[in-house]
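Inside the fold
Okay, here's what each chain looks like letter by letter:
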Amino acid sequence: MSPRVRWAATAAALLLGLPFAAPPANAEPPAPAAPVISLSSGEHALIRFRLADQATLDRLVAAGADLAARPRTDAGAVLADLVVDDVRLAELVKNGAVPVQLIQRESDAAARRPAVAKVSADTLKFLQAYWWTVGGRTFLQTQVTTTATDDPDVEITVTWTAADGSTGTYPLVRFEDSGEYQYHYALPQPLPGKPVRVTASSSLGGTARPVTPATWPGSTPPATPAGYQKDFVAAYMTPADIAARIKRLARQYPKLVDVINLPNRTQGYRRTAVAYLGDPNAAAVVVESVKFGDQKMNGVQVRTVDPGAKNRPLAATYADRVLTVRLATDDTGKTISTTDDVAAFITAKYPRRFQAFVETGSAGLPMPVVAPVRLDDGLEGTEVSKKPWTVQALRIGKVRDGSRTGVLAYSQEHAREWATPLVTLEFAERLLANYATDPATRALVDNVDVFIIPTVNPDGANYAFNDFNFQRKNLVNHCAGASRDPRYRDSWGVDVNRNYTVGSYFDGYVGGSANCLSGTYAGTAELSEAESRNVIALASAHPNIRFAMNVHSYGGYFMWPPGSYKAEGRVTLPRPSIDESKFYLDSARRIVGAIAAERGTVTWPAYTGPVADVLYSAAGNSADQLYYELGIDAWDFEVGNDRWNEATGEWEGVGFQPPFDEAHAEAQEYAGGLVELVRIAASAG
Ligand SMILES: [Zn+2]
């Protein structure tokens, strides 16, 4: 029995034999005749009944009657509004309840129901909507969030309307980082004209409030006067070229320039000397000098020989720059030394001269007799100094006593980013060359103390110019054992920009590696490398430095802290305050505007923001240490913005070492950005 039927039966039983008391004789006149109320079969209605008394109502309620509103009394009787169907109505009437008002039929509701919007499963919001024009072409970039953050299949479409009334749509893609939903975005979209309105809708039915896109960056730098000098870079520059340029600038502008030799000399463009003793595809031991190849170890020879006698132990001699290993023999005179025996023996007998290890795949194999092979450091740059390198900084300013606000610009932490020293040197030279003729430049140089490290990582840079152009790291090899195999020579080194102390790999942050062959190898410890110690030494020694720019390539980013997060929960380093964040963004718009002034290159709004949000987590990067430990407002450039190809309708990357014309243009535009940073510093006082 359904509850409804049960209730009807019970109600009928309760009322059966309990006739409503007739109104007493002295009562008021009987109520007016009740209207005839009838329901069609199965129809429900809300009906007001007159019941004999409260007890009758109580019995009905106890039996499950659908009492719609608070009952009221009327002339001793009880008025109760009940939802009933035709069957129940008949039963109640039969048992003395008097229906006095048909309040509402079931069918009335349809006409009265409001037109309810379909309930959508998500809500959208524009995080960004910016437009700009380059070379007559207008672009729009948007970021939208959905509240359906956990649904990877939500599709979001943006619809734009341009000032001329034309419209169009484009899809966004979901951006997730470290397993956490961030937002939906798209590359900048070409439009026929200025957009006046954008809307967004999702596949779940969600919509965003329409937005009028803002102009980006919405800032232009002050015009430079006639005769303002630019264009001081004519070719890519090696570390030796950079050193020569620094020397020339110091000589040319002695009243405005100091050269600072940073305290930690680098390893230098050097490697140990190494050779395969044997065939690396069959059985071989890798023999390596302990000292560097240039320290009289290049050319040293190694060989193995059969002693030609029975029962000889493994033995070795080193004379006249030849290491001779005599293999052990058995009682038949056959050689019995294995690769492991030979490697261990060499390392143990000549700990200050040689180290040896078994080539991968050769473990436990018989050691062959090998004719002499020469150890070599393998470095191709014969013109490059092999000495430890003294990294230099330029200090530019009229007053260089620490009383002026300091700005630090440093470049080429990553060796292959050849365009970046061109940026900082072009910037230096603009300040110096225009000092005498441009009052605005003179005011900046008089009031700001500018520090510039054109190449933080000269050893890696020399390797990138001479040996392996994609070298990112420095030249220090911390690998041990088989990963010292020379086949890995292009993977050794420490990522200088993962070797700092704040939010580092060693602290559990994401974006650095413990693998010595990884592109983001963090080193053996925080600040294990001379290169990173130099940056911090300079910043620490000059507490007047309040602003810094770390210049990288490529991609066209403009970023600030936080630069890293922990994987668990994607917890970033502390966010700058609201005031600081506003300062970062306001300054960014000025600097992006100055970059754009050179050749119209616009750093995308989606690529302007905290490192951890717009690029990736970079555990132990330098900007974070400058900001969190030294209180310096520290930004990062990734110069080399994507270029729009009108023919293909695609954005194209420029790479680490574009044709020089492109690198030259990057130097011009980002030098303009650095000059704007100095203006910001000057006005910050
Ligand atoms: Zn870089």
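In this report, we go over the structure that sits alongside the text. Every value quoted in this text rests on a predicted model; they were computed, and no experiment measured them.

Here's the deal with the overall build of the chain
- If you tally the helices and strands in the chain, you get 15 helices and 32 strands.
- For a compact globule of 685 residues, the expected C-alpha radius of gyration is about 26 Å, and the chain comes in at 41 Å, more than 25% above that figure.
- The dimensions of the chain, computed from C-alpha atoms along their principal axes, are 140 × 85 × 50 Å.
- Excluding contacts between residues fewer than 6 apart, the proportion of contacts in the chain whose partners are at least 24 apart in sequence is 75%.
- One way to put it: in the chain the 66 positive side-chain charges average out to a point 4 Å from where the 75 negative ones average out.

Thoughts on the coordination of the zinc ion
- Coordination of the zinc ion by the protein involves His414 (ND1), Glu417 (OE), Glu417 (OE) and His552 (ND1), with metal-donor separations of 2.1 to 2.6 Å.
- Around the zinc ion, the four donor atoms are arranged such that angles at the metal cover 54 to 138°; this shape is classified as irregular.
- Between consecutive donors of the zinc ion, the numbers of intervening residues give the motif H-x2-E-x134-H. You can see glutamate 417 sitting in the loop between strand S23 (405-411) and helix H8 (419-433) and its partner histidine 552 sitting in strand S25 (residues 545-555), a full 135 residues away along the chain. Neither residue differs from the other here; glutamate 417 and histidine 552 are each classed as buried.

What about helix H15 (residues 660-684)?
- For H15, spanning 25 residues, the distance from its first C-alpha to its last is 36 Å, which sits close to the expected 36 Å at 1.5 Å a residue.
- Where burial is concerned, most of H15 is hidden: 20 out of the 25 residues are buried.

Let's talk about the packing of aromatic side chains
- One pass over the structure, following the stated rule, counts 32 aromatic pairs.
- Ring geometry for phenylalanine 468 and phenylalanine 470: centres 6.2 Å apart, planes at 80°, overall edge-to-face.
- Looking at phenylalanine 470, the relative accessible area reads 44%, which means it is partly exposed.
- Centroid distance tyrosine 627 to tyrosine 628: 4.7 Å. Interplanar angle 75°. Geometry classified as edge-to-face.
- You can call tyrosine 627 buried: its relative accessible area is 11%.
- In textbook terms, an aromatic cluster arises when at least three aromatic residues are bridged by ring pairs, as seen for Phe547, Phe558, Trp560, Phe583, Tyr584, Tyr627, Tyr628, Trp635, Phe637 and Tyr670.
- Between the NZ or CZ atom of arginine 271 and the centre of the ring of tyrosine 463, over which it lies, the distance is 4.5 Å.

Some remarks on the state of the cysteines
- Under the counting rule described, the total for this entry stands at one disulfide.
- One disulfide in the model links cysteine 479 with cysteine 516; its S-S distance is 2.0 Å. Taking the torsion about the S-S bond as the criterion, the cysteine 479 to cysteine 516 disulfide, at about 110°, is right-handed. Of this pair, cysteine 479 sits in the loop between helix H10 (458-466) and helix H11 (530-541) while cysteine 516 sits in the loop between H10 and H11; the two residues are 37 residues apart in sequence, bridging distant segments of the chain. Per residue, the accessibility class of cysteine 479 equals that of cysteine 516, and both read buried.

So, the sheet that holds strand S24 (residues 448-453)
- Taken in spatial order, the eight strands line up as S14-S22-S24-S23-S25-S30-S26-S29 in an open sheet, and their pairing is mixed. With one partner strand each, in any of the chains shown, strand S14 (257-261) and strand S29 (608-610) form the two edges of the open sheet. Taking each pair of neighbouring strands and ignoring which way they run, the sheet shows an average axis angle of 20°.
- Both S25 and strand S30 (residues 633-641) contribute to a ladder of eight bridges, which runs parallel. Note on S30: the bridge partner recorded for asparagine 550 is aspartate 636.
- Running at roughly 35° to S30, helix H12 (residues 578-599) makes contact with S25, strand S26 (557-560), S29 and S30 of the sheet.

Considerations on the packing of H11 against helix H14 (residues 622-630)
- It is at 11 Å that the axes of H11 and H14 come closest, and there the two elements cross at 30°. With respect to H14, the axis of H11 lies roughly parallel. As H11 runs across H14, the sense of the crossing is right-handed. Across the interface between the two elements, Ile536, Ala539 and Ser540 of H11 pack against Gln625, Leu626 and Leu630 of H14.
- Class assignment of the residues belonging to the contact of H11 with H14 gives a composition of four nonpolar, two polar and no charged.

Notes on the packing of helix H5 (residues 239-252) against H8
- Their axes nearest at 12 Å, the elements H5 and H8 cross at an angle of 10°. It follows from the interaxial angle that H5 and H8 lie roughly parallel. Contacts from Ile242, Arg245, Arg248 and Leu249 of H5 reach H8 at Pro421, Leu425, Glu429 and Leu432.
- Taken together, the residues that form the contact of H5 with H8 break down as five nonpolar, no polar and three charged.

A look at the environment of proline 35
- Here proline 35 lies in the loop between helix H1 (3-15) and strand S1 (44-51).
- Residue classification places proline 35 among the partly exposed positions, given a relative accessible area of 43%.
- Along the sequence, proline 35 and leucine 102 sit 67 residues apart, while their C-alpha atoms lie 8.7 Å from each other.

Thoughts on the pairing of strand S9 (residues 173-177)
- Across five bridges, the pairing between S9 and strand S10 (residues 180-185) is antiparallel. Along S10, the bridge assignment pairs phenylalanine 175 with tyrosine 183.
- Between the end of S9 and the start of S10, which pair antiparallel, lie two residues, with serine 178 showing a positive phi angle near 55°.

Calculation rules
- Residues numbered from 1 in each chain as written.
- Predicted model: local features only at pLDDT ≥ 70, side-chain atom pairs only at ≥ 80, totals over all residues.
- Heavy atoms only, no water.
- Helix = DSSP H or I, 4+ residues; strand = E, 2+ residues; numbered from the N terminus.
- Rg over C-alpha atoms; globule rule 2.2 N^0.38 Å.
- Contact = heavy atoms within 4.5 Å.
- Lys, Arg positive; Asp, Glu negative; His and termini not counted.
- Charge placed at Lys NZ, Arg CZ, Asp CG, Glu CD.
- Donors = N, O, S within 2.8 Å, 3.2 Å for Na, K, Ca; no water.
- Tetrahedral: all angles 85-135°; square planar, octahedral: opposite > 155°, others 65-115°.
- Buried < 20%, exposed > 50% of the residue type's maximum accessible area, 1.4 Å probe, protein only.
- Expected span 1.5 Å × (residues − 1).
- Phe/Tyr/Trp six-rings, centres within 6.5 Å; stacked < 30°, edge-to-face > 60°.
- Lys NZ or Arg CZ within 6 Å of the ring centre and 35° of its normal.
- Disulfide = S-S within 2.5 Å.
- Pairing = 2+ DSSP bridges.
- Axes fitted to C-alpha atoms, helices over the stretch in contact; angles between N-to-C directions.
- Parallel < 35°, antiparallel > 145°, perpendicular 65-115°, else oblique.
- Left-handed = near helix turned anticlockwise from the far one by under 90°.
- Nonpolar A, V, L, I, M, F, W, Y, C, P; charged D, E, K, R; others polar.

The values reported here are purely geometric and, on their own, carry no functional implication.
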